[in-house]
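Residue-level listing of the chains:
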Amino acid sequence: MPPVHLAVTYERSAQEPLRYFYGRGENPTREQLERCLAALEDVRFATAYTSGQAAAEAALALLAPGQRVVAGDDVYGGTHTLFDLVRGRGVTIDQVDLADPERRDRALADDGRRLDLVWVESPSNPLLKITDIAETARLAHRRGARLLVDNTLASPALQQPLRLGADLTLYSTTKFLAGHLDVLGGALVHDDPELHERLTAHRTTVGTAPGGADCFLVHRGLKTLSLRVARQVENARRIADALAAEPSVGVVHYPGRPGHPGHAVAARQMSAPGALVAFTYRGDPVKLMDRVRLFAAAVSLGGVRSLIECPASMTHRPVPRRTRLRLGVTDDLVRLSMGIEDPADLVEDLVHALRAGPA
Ligand code: PLP
C-alpha cells in the first residue's frame, strides 16, 4: 500500500532535483490519487480538491466576466447556489432542461450569443434526468464551447463521459469514489495539458488542495469502487421495482425502468442505470424517514450505507421554492441512495415503512 504523506513542507537538501516544495502545491499521496483518477478515465490529468464544490468552483473560475454557460436545470442544490455566486461575478449562466432533446437543440443552436461552457449533470440530482452526452458534446463543440459533465451520480464505474466526447469530468469524490461517508473530496479529470497547468496553479493559489490523509482515504475507496457499485445498482433495481408496486407511491424516477424518459439514452451511455432512486410519496416524507430503519435519514449519496432524504427540505432547501417547483422538485419527492446492504433487507424495510403510512 502507498505511504500516507502528511508533511506540509519538504526539505530542500533531501531532494535533488527539487520536486516538492509546500503541501498546498504538491503532495505525493495526492499525486497518487490523481494518477488513479486519470487512469480510471484513460486520460492524463486529474486535479483533486477538498470537496466537489471546490472542484466545481475551480472549473467555473476558468470563466471570465462576459462569458456564458448553458447548464442543465436539474442539478445538485449546492450547484444552484454556486451558479448564483458565479453570476455575481459577471458570468452568464442559463439553465435549460438539456435532457429534453428539443430544448437542448434550441439552447445550443447558434443564436448569435456567445457560448463558452456547457454544464451537464447526468444522471441529475435529484430527478435522475439523463442527458445525451455524445450529442451534447457535438453541439457544444460546434459552437467552440467545452462540455463539462458532473459524473458524480454515475461514477467512472458506470459512465465514461470523456470517451463520449466531454472535455472535463467533475466529481464529488465524497460520494461513490470514496464510498464510505467518512471523507470529503472533489476532482476534475481531463486530457488537456494547458488546462492542467491552469487548474493546478489556481488550486495552489487559492488553497483548495486536499491533505494527504483525505487523499489516502479516497484512493483506498477507489479500490472497491466496482464491487460496491455493482451491489448498489442491484439494490436500486430491486427497490425501484418494489416502489412501483406500492399504492402509496406516485412516480418512480429510475433510469433503469422502461418508463423513464431517459431509459434508452441511459442504456446507451451507461453500463448500468445507477444506484439512486427518487419517487413521489402520497404520505408525509418526514414520517417515512422516521419509519425506515436500515436507511439513514441523511444527505449525501454513494456510500456503503443506504440513505433516504427529502430534497425539498434537505439537499435542495437553498433553492427558492418557486424554482424548485418549476423544476419538479416537489415537497413529496423522496430520494434514496443505495448502500451495499442485503437487497431483500432493504426492500423489506422500505415496503414496511411505506405500508405503515397512508395508502
Ligand atoms: N455534484 C453533485 C451531483 C452532488 O450531488 C454533490 C453533493 O451532493 C456535489 C457536486 C458537491 O460535492 P461535495 O459535497 O463533495 O462538495
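Quantities reported herein were computed from a predicted structural model and do not represent experimental measurements. (Residues numbered from 1 in each chain as written. Predicted model: local features only at pLDDT ≥ 70, side-chain atom pairs only at ≥ 80, totals over all residues. Heavy atoms only, no water.)

## Describing the overall build of the protein chain
- The helix and strand tally for the protein chain stands at 12 helices and 12 strands.
- The C-alpha radius of gyration computed for the protein chain amounts to 21 Å, which stays within 12% of the reference 21 Å derived for 359 residues, consistent with globular compactness.
- The 359 residues of the protein chain split such that 57% are buried.
- For the protein chain, restricting intrachain contacts to residue pairs at least 6 apart in sequence, the fraction spanning at least 24 positions comes to 70%.
- In the protein chain, 43 side chains carry a positive charge and 43 a negative one; their mean positions are 2 Å apart. (Helix = DSSP H or I, 4+ residues; strand = E, 2+ residues; numbered from the N terminus. Rg over C-alpha atoms; globule rule 2.2 N^0.38 Å. Buried < 20%, exposed > 50% of the residue type's maximum accessible area, 1.4 Å probe, protein only. Contact = heavy atoms within 4.5 Å. Lys, Arg positive; Asp, Glu negative; His and termini not counted. Charge placed at Lys NZ, Arg CZ, Asp CG, Glu CD.)

## Re the packing of helix H4 (residues 101-108) against helix H5 (residues 133-142)
- At their nearest, the axes of H4 and H5 sit 10 Å apart, and the two run at 15 degrees to each other. The pairing of H4 with H5 is recorded here as roughly parallel in orientation. In this structure, the crossing between H4 and H5 has a hand that is right-handed. For the pair H4 and H5, the contacting residues are Arg-104, Asp-105 and Leu-108 in the first and Glu-135, Thr-136 and Leu-139 in the second. (Axes fitted to C-alpha atoms, helices over the stretch in contact; angles between N-to-C directions. Parallel < 35°, antiparallel > 145°, perpendicular 65-115°, else oblique. Left-handed = near helix turned anticlockwise from the far one by under 90°.)

## What to know about the site of the ligand
- In the vicinity of the ligand, 14 residues are found, and the nearest of them are Gly-52, Asp-150, Ser-172, Thr-174 and Lys-175.
- At 2.9 Å from an oxygen atom of the ligand is found a main-chain nitrogen or oxygen belonging to Gly-52.
- Here an oxygen atom of the ligand and a backbone polar atom of Gln-53 are 2.9 Å apart.
- Alone, the ligand offers 390 Å² of accessible surface; in the complex the protein occludes 92% of this. (Near = heavy atom within 4 Å. Polar contact = N/O pair within 3.5 Å; in protein donor to acceptor, adjacent residues only side chain to side chain. Areas by Shrake-Rupley, 256 points an atom, 1.4 Å probe, with all protein chains shown as cover.)

## Brief notes about the packing of aromatic side chains
- Tallying each qualifying case throughout the model produces 2 aromatic pairs.
- Taking 5.3 Å as the distance between ring centres and 85 degrees as the angle between the ring planes, the aromatic pair formed by Phe-83 and Trp-119 counts as edge-to-face. Of this pair, Phe-83 sits in helix H3 (residues 77-87) while Trp-119 sits in strand E4 (residues 117-121), and the two are 36 residues apart along the sequence.
- Given the relative accessible area of 0%, Trp-119 is considered buried.
- Sitting over the ring of Tyr-76, Lys-175 keeps its end group 5.9 Å from the ring centre.
- Cation over ring: Arg-203 sits above Tyr-49, and NZ or CZ is 5.9 Å from the ring centre. (Phe/Tyr/Trp six-rings, centres within 6.5 Å; stacked < 30°, edge-to-face > 60°. Lys NZ or Arg CZ within 6 Å of the ring centre and 35° of its normal.)

## Let's talk about the confidence of the model for the protein chain
- Per-residue confidence for the protein chain gives a mean pLDDT of 97, with 99% of residues at or over 70.
- Mean pLDDT across the secondary structure elements of the protein chain bottoms out at helix H11 (residues 321-327), with 93, and peaks at strand E7 (residues 186-190), with 99. (pLDDT = per-residue confidence, 0-100.)

## Thoughts on the pattern of salt bridges
- In total, this model carries 25 salt bridges according to the counting rule given.
- In this structure, Arg-19 and Glu-31 form a salt bridge, with 3.1 Å as the shortest nitrogen-oxygen distance. Of this pair, Arg-19 sits in the segment before helix H1 (28-40) while Glu-31 sits in helix H1, and the two are 12 residues apart along the sequence.
- Arg-19 sits in the exposed class, given a relative accessible area of 53%.
- Close ionic contact of Asp-84 with Arg-87 constitutes a salt bridge, the shortest N to O distance being 2.8 Å. Placement of the pair is Asp-84 and Arg-87 together in helix H3, with a separation of 3 residues, close to one helical turn.
- Accessibility expressed as a relative area gives 47% for Asp-84, which makes it partly exposed.
- Arg-87 gets classed as partly exposed once you look at its relative accessible area, which sits at 29%. (Salt bridge = Lys/Arg side-chain N within 4 Å of Asp/Glu carboxyl O.)

## Remarks on the packing of helix H2 (residues 52-60) against H3
- Close contact between H2 and H3 brings their axes to 11 Å; oriented N to C, the two are set at 35 degrees. The element H2 and its partner H3 pack so that their crossing is right-handed. Facing H2, whose interface residues are Gln-53, Ala-56, Glu-57 and Leu-60, H3 presents Gly-78, Thr-79, Leu-82, Phe-83 and Val-86.
- Partitioning the contact of H2 with H3 into residue classes produces 5 nonpolar, 3 polar and 1 charged. (Nonpolar A, V, L, I, M, F, W, Y, C, P; charged D, E, K, R; others polar.)

## Observations regarding the sheet that holds strand E8 (residues 249-253)
- The strand order across the open sheet built from 5 strands is E8-E9-E12-E11-E10, with neighbouring strands paired in mixed fashion. The sheet terminates laterally at E8 and strand E10 (296-297), the two strands that pair on one side only.
- Taken together, the 5 bridges between strand E9 (residues 276-281) and strand E12 (residues 333-337) define a ladder with antiparallel strand orientation. Within E12, the residue paired with Leu-276 across the bridge is Ser-337.
- Contacts between helix H8 (residues 225-244) and the sheet are confined to E8, E9 and E12, with E9 contributing the most and set at about 15 degrees to the helix. (Pairing = 2+ DSSP bridges.)

## Thoughts on the pairing of E7
- In terms of residue burial, E7 counts as a mostly covered element, since 5 of its 5 residues are buried.
- Here E7 shows two buried faces, one formed by Gly-186, Leu-188 and His-190 and the other by Ala-187 and Val-189.
- In terms of strand pairing, strand E1 (residues 45-49) meets E7 through 5 bridges, oriented antiparallel. Following the sheet pairing, Phe-45 is matched in E7 by His-190.
- Of the strand pairs in this sheet, strand E6 (residues 168-172) and E7 are connected by 4 bridges, and their pairing is antiparallel. When the sheet's bridge partners are listed, Leu-170 is paired in E7 with Leu-188.

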